[in-house]
Structures are given as C-alpha cells and as structure tokens.
Amino acid sequence: MPSQIVTLTLNGAERELIARPSMTLLTALRETFGLTGAKRGCAQGGCGSCTVLLDGRPVVSCLVPVVTVDGSSVETIEGQADGERLSDVQQAFVDGFATQCGFCTPGMIMSATALLDRNPDPTRQDVIEAICGNVCRCTGYEPIINAVLDAARRRRQAASDSEEREPAGAER
Ligand code: FES
Ligand code: FES
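Predicted, not measured: the structure shown is a model, and the values here were computed from it.

Draft legend 1. Broad picture of the sheet that holds strand S4 (residues 57-60). Taking strand neighbours across the sheet as the criterion, the five strands line up as S2-S1-S5-S3-S4 in an open arrangement whose pairing is mixed. Edge positions in the open sheet fall to strand S2 (13-19) and S4, since each of these has one partner strand only. Recorded for the sheet is a direction-independent mean angle of 40° between the axes of neighbouring strands. Alignment of strand S3 (residues 51-54) against S4, held across four bridges, turns out to be antiparallel. Residue Val52 lies in a different strand from S4, and its bridge partner there is Val59.

Written out as structure tokens, the structure reads:
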C-alpha cells in the first residue's frame, strides 16, 4: 500500500504527516513530531507507557496504525501543562511523590486524565481500574492511586471555587 497523508489535531494544533501503512501512532509522535513523552516500552500493548488520548479515550499508541487517526484528535503528555503551569494531575503526581524513574508517568497521567475527564469523583477502585493497563516497576502503585484521588479532589475544589466566583447565569 502507498504512503498516505494523515491530518490530525495534535494537542490542539492541526498537524499533517505522510505515513507508511505500517507506521504506528507512537512512531509518528516520537519520530515525526518529536514528542517523546509517550514511551516505547513493550511495543506490544502490554505496558501502557505509550498511552495517549485519542478523541478523549486512552489508547496504547504502539498498537494504533497512524493512518487510522486521520481526522481525529490526539492528546499527549506534552499538551497537558499550560506553559509553566502543570495540569492538576501532573501537579498531584509531583506533590504526592508518585514518580520515581518516570518511565511510566506520562502514560499513567494520560490514563488518569481520561478518568477524571469522564468521572470527576472516582472511587479508589475506579482509579485502580483506570490505570490497570499501566505498568509501574518502581512505586508499588499506592502513591500513584493517591495522587489521582488527590487530583480529583483538586479538580472538584477548583470547579466549586469557580462556581462561587461566577454563579451560574451571572452576567458580566
Ligand atoms: S509500549 Fe505500548 S503498551 Fe507498551
Ligand atoms: S516510576 Fe518507574 S516505572 Fe513507574
């Protein structure tokens, strides 16, 4: 099969690449776009270190042919911070010492972010299930689970603070 032009929204920006049929999304991110946050661990779908969000859902990018993401939105760890300001999940990982070697961290954060985007008040079990495809060899998982629950609390607090500042229906 010939190479194909693929257009996608990558961390909010329209991007394009010419892809071989065998190219994975992970390879495109790392080698074409220079986004090396998603890690190549097993390259077989088993470790989660390459997790990114595809149209808001976490996927292992090592198993996604990049030609199939044409027209889709992809979010990676590089798109999470707002300038110097880390995302709530990133900050909770830092504050909760949920990172050791860091190899699993981008994938963990993307899985956790997807969870909090669809469920702002997860239980401990919800968190465990959300990150069950992400392998960590360092932390024993407890600090990671606690960090995700802490990020959820921070997010709910921020939402409630912002509602208090601007009650629903308020006009400027
Ligand atoms: S590198 Fe993709 S799941 Fe391990
Ligand atoms: S922090 Fe090292 S693999 Fe998770």
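Draft legend 2. Spotlight on the pairing of S3. The two faces of S3 match: Thr51 and Leu53 on one face and Val52 and Leu54 on the other face are all buried. From the end of S3 to the start of S4, which pair antiparallel, there are two residues, and Asp55 there has a positive phi angle of about 50°. Pairing of S3 with strand S5 (residues 73-75) involves two bridges; the strand directions are antiparallel. If you follow Leu53 over to S5, its bridge partner there is Glu75.

Draft legend 3. How the structure looks around the side chain of Ser49. Looking at where Ser49 falls in the secondary structure, it is placed in the loop between helix H1 (25-32) and S3. Exposure remark for Ser49: the relative accessible area of 4% places this residue in the buried category. Within the structure, Ser49 has its side chain in polar contact with the backbone nitrogen of Gly41 (distance 3.3 Å). In this structure, Ser49 is in contact with Ala38, Lys39, Arg40, Gly41, Phe103 and Gly107, ignoring residues within four places of it in sequence.

About the criteria used
Residues numbered from 1 in each chain as written. Chains lettered and ligands numbered in written order. Predicted model: local features only at pLDDT ≥ 70, side-chain atom pairs only at ≥ 80, totals over all residues. Heavy atoms only, no water. Pairing = 2+ DSSP bridges. Helix = DSSP H or I, 4+ residues; strand = E, 2+ residues; numbered from the N terminus. Axes fitted to C-alpha atoms, helices over the stretch in contact; angles between N-to-C directions. Buried < 20%, exposed > 50% of the residue type's maximum accessible area, 1.4 Å probe, protein only. Polar contact = N/O pair within 3.5 Å; in protein donor to acceptor, adjacent residues only side chain to side chain. Contact = heavy atoms within 4.5 Å.

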